[in-house]
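# Observations on the three-dimensional arrangement
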Amino acid sequence: MSLTTLIIQAMATLGGLGLVIGIMLIAASRMFKVETNPLVEEVVEILPGANCGACGYAGCADFAEKVVAEDAPLDGCPVGGFDTAKAIGAIIGQEVSESEKEYPYVRCGGGIRCVDRFDYVGIEDCTAVIMLSDGEKGCNYGCMGRGTCVRACPFGAISIDENRLPSVNKNLCTSCGLCLAACPNDILMFAKDSERVHVQCNSHDKGKAVKAVCEVGCIGCKICEKNCPEDAIKVTNFLAEIDQDKCTACGICVEKCPQNCIEMR
Amino acid sequence: MVADASLFQIFMDGVFIKNFLIIQFLGLCSFVGVTKDTKSAAGMSGAVIFVMTLAATVSFLIYNFVLVPLKLEFLDLISFIVVIAALVQLVEFVVRKNVPSLYRSLGIYLPLITTNCAVLGVVLLNVLNEYSFIQSVVFGASAGLGYALVMLMMSGIRERTTLVNVPSSMRGLPHAFLIATMLSMAFVNYFGVIPL
């Protein structure tokens, strides 16, 4: 076989192979064509892109798809907040109204002021600590301070402070709510900045039991309930709860609380 | 020499003894890249099993019925790459259409199967060992299964070690490399010491 025929044969073989495969791929791409709405791409562009799942959908792209299909609310992305909602509204042609932002509030003032029952050495995780006879803390309702919320936060907004309690950096927080879901003791709750008075305790134990383990736990003494001029505080199950709609932030309860567990921000 | 090897032997070769990931060290990029969670590791493994089996089948046909008769064996590498690239493209179409979430989580690693040397390795080893058609297909499928096995083990271990308190300098890739080392040692020693 001469060199020329060899070259021609090689070129023809590879060219033929390429041609056949190319035609098959064209057919396949027709068969598996994905119809995409160009609006979805636009919405994906303006979403934060953290894929945190706080909207309840599997990532930003999924949320964008649902928003464009009008299955999800415009302000469904708590991370992007009002600005993102407005931008999405501009893309798909709808108006949005603003609502006040909410941040996680830590309903425990214990930390180092709450006694430890034993020294815990093991996996540094609140859920793991609680699995070991309800945790090292004397209080079964309190914060374990092992940073499960810190690791749950995709934005690095939570840190454990010197009192071994989580503190929220409001500049970084995006109100996604992942920390609320992660906390095994449900200590965190959403609170608006305009809601100024909060009970810094989550314990439903009786007064004597709380007093034995924590310096700042709610003992359910009802002093705040009796002194509140607006009738905004109710003690149920040995824990004071504030009705934020009635509260006027007068500060009387903060002053009267013998345990100093009501906080005015 | 291996032409008369039994199918079972070839199967065990592909899955364990010549495991592509941790004995032959082929296709390591996705081994480290996609093993962060089991779900995408499983998806990637599925895609690789599919591509490996089909690539072994199609390239056997092309090699033996086109290249050998024309005495163009020197074109094997380039034509295998073309076949693999086309198959990967096909998988990409299917995955994007049917499992968009998997498509997003695999990201760049899906088209990278094209250049995943494990796939090309299977096809070239088939030629090198002069396997018959059935043997080639079995070797391709079992190599894919071996890949899937190791991917799932690795991702399972990596998922569970997220709870472990690892020193900060070792977190992430260094940690993954250590796990890979131990996995590999286990495989090499086990199947080196106990011949099947």
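Remember, it's a predicted structure, so these values are computed and weren't measured experimentally.

Now for the packing of helix 6 (residues 117-128) of chain B against helix 7 (residues 133-160) of chain B. All names here are of chain B. The geometry of helix 6 relative to helix 7 is characterised by a closest axis approach of 10 Å and an angle of 150 degrees between their N-to-C directions. Here helix 6 is positioned roughly antiparallel relative to helix 7, judged by the angle of their axes. Crossing angle aside, the handedness with which helix 6 passes helix 7 is right-handed. In this structure, helix 6 uses Val-122, Leu-125 and Asn-126 to contact helix 7, whose residues at the interface are Ser-136, Phe-139, Gly-140 and Ala-143. A breakdown of the residues in the contact of helix 6 with helix 7 according to their chemical character gives four nonpolar, three polar and no charged.

What follows covers helix 6 of chain B. All names here are of chain B. Here helix 6 contains twelve residues, and its C-alpha end-to-end distance of 16 Å stays within 8% of the 16 Å for a straight helix at 1.5 Å per residue. Where helix 6 is concerned, the buried positions are Ala-118, Val-119, Leu-120, Gly-121, Val-122, Val-123, Leu-125 and Asn-126. Where helix 6 is buried, its residues contact helix 3 (38-67), helix 4 (76-98) and helix 7. Glu-130 lies just past helix 6 and shows a positive phi near 55 degrees.

Let us now look at the UniProt feature "transmembrane region" (unreviewed entry) in chain B. Residue and element names in this part refer to chain B. Look at the UniProt record and you will see "transmembrane region" (unreviewed entry) annotated at residues 15-35, 47-68, 74-95, 107-127, 133-154 and 175-194. Along residues 47-68 one finds 95% helix and 0% strand; the C-alpha atoms at either end are 29 Å apart. Between the C-alpha atoms that bound residues 107-127 there is a distance of 31 Å. The span itself is 52% helix and 0% strand.

The subject of this paragraph is the UniProt feature "binding site: [4Fe-4S] cluster 3" (unreviewed entry) in chain A. Residues and elements named next belong to chain A. In the numbering adopted here, UniProt assigns the feature "binding site: [4Fe-4S] cluster 3" (unreviewed entry) to Cys-153, Cys-173, Cys-176 and Cys-179. A stretch of 27 residues holds the annotated residues, and the largest C-alpha distance among them is 10.5 Å, short enough that they meet in one place. For Cys-176, the location among the structural elements is in the loop between strand 3 (166-168) and helix 7 (178-182). Judged by its relative accessible area of 14%, Cys-176 is buried. Setting aside anything within four residues of it in sequence, one finds Cys-176 in contact with Cys-52, Ala-54, Pro-78, Val-79, Pro-154 and Phe-155. Tracing the chain through its elements places Cys-179 in helix 7. Setting aside its immediate chain neighbours within four residues, Cys-179 contacts Pro-104, Cys-149, Ala-152, Ile-158 and Leu-188.

Rules and cut-offs
- Residues numbered from 1 in each chain as written.
- Chains lettered and ligands numbered in written order.
- Predicted model: local features only at pLDDT ≥ 70, side-chain atom pairs only at ≥ 80, totals over all residues.
- Heavy atoms only, no water.
- Axes fitted to C-alpha atoms, helices over the stretch in contact; angles between N-to-C directions.
- Helix = DSSP H or I, 4+ residues; strand = E, 2+ residues; numbered from the N terminus.
- Parallel < 35°, antiparallel > 145°, perpendicular 65-115°, else oblique.
- Left-handed = near helix turned anticlockwise from the far one by under 90°.
- Contact = heavy atoms within 4.5 Å.
- Nonpolar A, V, L, I, M, F, W, Y, C, P; charged D, E, K, R; others polar.
- Expected span 1.5 Å × (residues − 1).
- Buried < 20%, exposed > 50% of the residue type's maximum accessible area, 1.4 Å probe, protein only.
- UniProt positions renumbered as here; feature names shortened; annotations may be inferred.

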